[in-house]
Amino acid sequence: MARTWGAKISRAPLHSARARVWCAASSALWLSHIRKTHAMSHASALITIMTKAARKAARGLVRDFGEVQELQVSKKGVADFVSLADHRAEQVIYEELSVARPKYGFVMEERGEIEGVDNSNRWIVDPLDGTTNFLHGLPQFAISIALERDRQPFAGVVYNPVTDELFWAEKGAGAFLNDRRIRVSERSDLSECVFACGLPFAGRPGRERALKEAERVLEQTAGVRRFGSAALDLAFVAAGRFDAFWERDLNIWDVAAGALIVREAGGMVSDIEGGAKFLTEGSILAANANLHTSAKALLSDG
Ligand code: 2AM
Ligand code: CA
């Protein structure tokens, strides 16, 4: 939980029962962290490079996430602080990936596009997906790194450093959560399915259409969730936690890694109209293969 994350809890007196329980729990967590860190036996050299960059940037983000709590109390410059955290994380990822693959290009949320000598490979990076959650102390945010090869997603990593969940996939090799293979759900009956979505906010266009879509989905399904990180929403579809996810007006860095992870987990990804332009046109629909056609019909049934 955000409220117990970071500095505050480490100040608990060591002799208290609460501190002893916490120490035991944190040792167990740390051991499981070490196991996860060293147990990704299926990972290729490429995934190892991406994971290393994500984990390195994550250390700063977790520290900054703890600090957000303090800043909220004093109400001083939280948004600026988060923007700085975002930029710092992007810099770490940029440096790590540039050293590992000096010729590859980049598309990054903050810096934009950087052309590489090798024009068939480029990294697509969102250093902090779920910025609003981060700002509010909600532990649902992620680092998203994809490698695009010949304009197609080839490898992807989505990492939530608070839960230490690392979702990853490489084309043709399946999808994983830490060291465990993941698959999309098998549900096809709409009344049993949970959909995730993103909704426009603060005067952004398309609210009426999005609410109509949400209303239709709410009417026929087991529920709709709006968690605020497209990269994690996609990863959750891949892991079978959500049966489907849709959102409009996204950028390539929000979805490139997550979309590959869904496909490698056996799911289907398209734009909301069913076409292939989800990386460039901004709308996305990801679902398990049994559900994709009826999800598309439900959304376009306006
Ligand atoms: P972000 O947190 O990196 O900005 C939430 O609906 C999803 O929309 C998140 O993945 C979020 O990514 C993305 N998004 C895209 N543009 C956004 C914006 N201007 N403000 C907030 N979220 C945005
Ligand atoms: Ca994003």
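Look up a bit, the structure's there.
All of the points below concern the structure found in this document. (Residues numbered from 1 in each chain as written. Chains lettered and ligands numbered in written order. Predicted model: local features only at pLDDT ≥ 70, side-chain atom pairs only at ≥ 80, totals over all residues.)

Attention now moves to the overall build of the protein. Across its full length, the protein carries nine helices and 13 strands. The 302 residues of the protein split such that 39% are buried. (Helix = DSSP H or I, 4+ residues; strand = E, 2+ residues; numbered from the N terminus. Buried ≥ 20, exposed ≤ 12 C-beta atoms within 10 Å, placed from the backbone.)

Attention shifts here to helix α8 (residues 252–264). With 13 residues, α8 extends 18 Å from end C-alpha to end C-alpha; this agrees with the ideal 18 Å at 1.5 Å per step. Within α8, twelve of the 13 residues are buried, leaving the element largely enclosed by the surrounding structure. Three or more residues of α8 are buried, namely W253, D254, V255, A256, A257, G258, A259, L260, I261, V262, R263 and E264. (Expected span 1.5 Å × (residues − 1).)

On the basis of which strands lie adjacent, the open sheet formed by eight strands has the order β2-β1-β3-β4-β5-β6-β7-β8 and mixed pairing. Looking at the sheet topology across the chains shown, the edges are occupied by β2 (112–114) and β8 (180–182). Mean inter-strand twist for the sheet, computed between neighbouring axes without regard to direction, equals 20°. With three bridges connecting them, strand β1 (residues 104–108) and β2 associate as antiparallel partners. Residue pairing across strands places F106 opposite I114, the latter belonging to β2. Here helix α4 (residues 78–100) sits on the sheet in contact with β1, β3 (118–129) and β4 (142–149), set at roughly 150° to β3. Sheet strands touched by α8: β1, β3, β4, β5 (152–160), β6 (165–170) and β7 (175–177). Its angle to β5, the strand with the most contacts, is close to 100°. (Pairing = 2+ DSSP bridges. Axes fitted to C-alpha atoms, helices over the stretch in contact; angles between N-to-C directions. Contact = placed C-beta atoms within 7 Å.)

Okay, the pairing of strand β9 (residues 194–197) next. Pairing of β9 with strand β10 (residues 223–225), which is carried by three bridges, proceeds in the parallel orientation. Residue F195 lies in a different strand from β10, and its bridge partner there is V224. What joins β9 to β10 is helix α6 (residues 207–220), and the crossover it makes is right-handed. Across three bridges, the pairing between β9 and strand β11 (residues 244–247) is parallel. Residue pairing for β11: F195 is matched across the bridge by A244. (Right-handed = clockwise from strand over helix to strand, strands pointing away.)

Before going further, it helps to examine the site of ligand 1. Taken together, the neighbourhood of ligand 1 is formed by 14 residues, with D129, T131, G198, A230 and D254 sitting nearest. When residues of the shell around ligand 1 are assigned to their parent elements, the largest contribution, three residues, is made by β3. In this structure, the shell around ligand 1 is formed jointly by two domains, domain 1 (2–182) and domain 2 (190–300), each of which donates at least three residues. (Near = placed C-beta within 6 Å. Domains from an automatic or database assignment.)

Among all residues except glycine, the phi angle is most often negative; among peptide bonds, the trans geometry is most common. Of note in the backbone geometry, R151 takes a positive phi value of approximately 65° without being a glycine. Looking at R151, the number of C-beta atoms within 10 Å reads 10, which means it is exposed.

Pairing is mixed in the open sheet, where five strands are placed in the order β10-β9-β11-β13-β12. Unpaired on one side and paired on the other, β10 and β12 (267–270) mark the two borders of the sheet. When the angles between neighbouring strand axes are averaged without regard to direction, this sheet yields 20°. Across the sheet, helix α9 (residues 292–300) is in contact with β11, β12 and β13 (284–288); its angle to β13 comes to roughly 140°.

Moving on, we get to the packing of helix α7 (residues 230–238) against α8. Two numbers describe how α7 lies on α8: the axes approach to 8 Å, and their chain directions differ by 0°. The angle between the axes of α7 and α8 places the two elements in the roughly parallel class. Across from A230, A231, L234, A235, V237 and A238 in α7, the residues of α8 making contact are D254, V255, A257, G258, A259, I261 and V262. Across the contact of α7 with α8, the residue classes tally to eleven nonpolar, one polar and one charged. (Parallel < 35°, antiparallel > 145°, perpendicular 65-115°, else oblique. Nonpolar A, V, L, I, M, F, W, Y, C, P; charged D, E, K, R; others polar.)

Looking at where P153 falls in the secondary structure, it is placed in strand β5. Between the C-alpha atoms of P153 and L279, which are 126 residues apart in sequence, the distance is 9.4 Å. Not counting chain neighbours up to four residues away, the residues in contact with P153 comprise A146, E148, A256, A259 and L260.

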